[in-house]
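If you want the building blocks of each chain, they are given just below.
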Amino acid sequence: MTTALLEVKNLEKKFAAKSVWFQKKQYVHAVNGVSLALDEKETIGIVGESGCGKSTTGRCILRLIEPTSGEVLFQGKDITTLSKREMNEIRKDIQMVFQDPMASMNPKLKVREILSEPLIAHKIPRLEHEQLLSETMRLVGLSEEHLSRFPHELSGGQRQRIGIARAIILRPKIVVLDEPVSALDVSVQSQILNLLQDLQDELGLSYLFISHDLGVVEHIAHTVGVMYLGEMVEIASKEQLFEQPLHPYTKALLSAIPKTDPDEVKERIILKGELPSPSNPPTGCKFHPRCIFAMDICKTAKPDLRQVEGRQVACHLV
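Let me begin by describing the structure that accompanies this report. (Residues numbered from 1 in each chain as written. Predicted model: local features only at pLDDT ≥ 70, side-chain atom pairs only at ≥ 80, totals over all residues. Heavy atoms only, no water.)

Moving on to the environment of Lys-9. Inspection of the secondary structure puts Lys-9 in strand S1 (residues 6–16). Judged by its relative accessible area of 32%, Lys-9 is partly exposed. The spatial distance from the C-alpha of Lys-9 to the C-alpha of Ile-192 is 31 Å, given a sequence separation of 183 residues. Filtering out sequence-adjacent residues up to four positions away, Lys-9 remains in contact with Val-34, Ser-35, Gly-70, Glu-71 and Leu-73. (Helix = DSSP H or I, 4+ residues; strand = E, 2+ residues; numbered from the N terminus. Buried < 20%, exposed > 50% of the residue type's maximum accessible area, 1.4 Å probe, protein only. Contact = heavy atoms within 4.5 Å.)

This is the structure we're talking about:
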């Protein structure tokens, strides 16, 4: 049995909620017991509503935010136990692309300096810099002329290509992509998604792709994990999830995807109420107050994520 390239086990992240001195300290469970496995050259999409813990999960895996508990195994080694120096070595193999490239780049630096930063930080020999810069610009579909420009002189799509170039210049094994196309025009989105697939084929990359857009995830992911209030409620292959979703929340998300065929008949599932507060989540199944299929057991017993029909689902109905 082959070991997954990245394995996340029972990952948790709690944030202390603001409270006054006479109240008991409250915690927000942003990520609660998330487990997943990412293989080589695989793309796992993580989807869910805003505030469900998708981005926090990605940042905890990279230890940009320290997880409260759980394990993150990279090639069998738990990176949550590593020192800062040891973790810096691992960062060469696990990189991140952020949602807003403008906010994640120093506006005072030219593209050449932005892309050279990781090379200098990881002590890549100076003699290799020019070749890596030239080759990486080619890989992301930009010319070497762009190296002399500042971020504000580039379009949104070009800036995101630079963000991707910065992530892949060290030739990592895994790239975590946090809403990488949500700020771009639809026509540019497809270009970036195609670029990511080309890079995966050419460099053998594995992706953890975080998005609220199911249409985008369907285009790029092999496996999809659906999150609700910090927990995974369904993990399935893309084909299984989009053709036959099992969890009521997954069904509701899929019903909200706009129709491309005007003759297609599609029943829209409208969720009841608002997303509950993560600082005071419902008892039992967290989704039960909004679920049209909720039973009495859903209000008291939390369903475990278990194997059902070749996928994992956390629901008493299945």
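This paragraph deals with a nonpolar patch on the surface. On the surface, Ile-292, Phe-293, Met-295, Ile-297 and Leu-317 cluster together to form a nonpolar patch covering roughly 430 Å² of accessible area. Residue position: Met-295 is located in the loop between helix H9 (248–255) and helix H10 (296–300). (Patch = residues over 30% accessible without salt bridge, like charges linked within 9 Å, V, L, I, M, F, W, Y side chains within 5 Å. Areas by Shrake-Rupley, 256 points an atom, 1.4 Å probe, with all protein chains shown as cover. Salt bridge = Lys/Arg side-chain N within 4 Å of Asp/Glu carboxyl O.)

A few words now on empty space enclosed by the protein. Scanning the model with the defined rule gives two cavities of 30 Å³ or more in all. Of the voids in this model, the largest cavity is the one considered here, and its volume is about 80 Å³. Tallied by class, residues from the lining of the largest cavity come to ten nonpolar, three polar and no charged. Roughly 50 Å³ of internal volume is contained in the second largest cavity. Taken together, Pro-248, Lys-251, Ile-269, Leu-271, Phe-287, Arg-290, Cys-291, Ile-292 and Phe-293 make up the lining of the second largest cavity. (1 Å grid on protein atoms, 1.4 Å probe; cavity = no way out; pocket = protein on both sides within 12 Å on 5 of 7 lines; lining within 4 Å. Points joined across faces, edges and corners; volume = space filled by probe spheres on them. Nonpolar A, V, L, I, M, F, W, Y, C, P; charged D, E, K, R; others polar.)

With that settled, consider the pattern of salt bridges. Summed over all chains, the structure comprises eleven salt bridges. Arg-63 is the partner of Glu-66 in a salt bridge, and the nearest nitrogen-oxygen pair spans 3.1 Å. With a relative accessible area of 39%, Glu-66 lands in the partly exposed category. The partner of Lys-92 in a salt bridge is Glu-89, and the shortest N-O contact between them spans 3.6 Å. Residue classification places Lys-92 among the partly exposed residues on the basis of a relative accessible area of 25%. By relative accessible area, Glu-89 is classed as partly exposed at 48%. Residues participating in the shared-partner salt-bridge network are Glu-231, Lys-286 and Lys-302.

This brings us to the nonpolar core. In terms of nonpolar packing, the biggest core is built from 57 residues, with Leu-115 and Ile-164 touching the most fellow members. Here the element with the most residues in this core is helix H6 (residues 186–203); it accounts for six residues. Once you skip the residues sitting within four places of it in the chain, Ile-164 turns out to touch Val-97, Val-140, Ile-192, Leu-195, Leu-196 and Leu-199. (Core = buried A, V, L, I, M, F, W, Y, C linked by side-chain atoms within 4.5 Å.)

Along the chain, the position of Glu-267 falls in the loop between H9 and H10. Residue class for Glu-267 comes out exposed when judged on its relative accessible area of 68%. Counting along the chain gives twelve residues from Glu-267 to Ser-255, while the straight-line C-alpha distance between them is 6.7 Å.

Either a parallel or an antiparallel arrangement is found when strands of a sheet pair, and the pairing is made through backbone hydrogen bonds. The strand order across the open sheet formed by four strands is S2-S1-S4-S5, and the pairing between neighbours is antiparallel. Edge positions in the sheet fall to strand S2 (27–38) and strand S5 (77–78), since each has one partner strand and no second. Alignment of strand S4 (residues 69–74) against S5, held across two bridges, turns out to be antiparallel. Its bridge partner lying in S5, Phe-74 is registered against Lys-77. (Pairing = 2+ DSSP bridges.)

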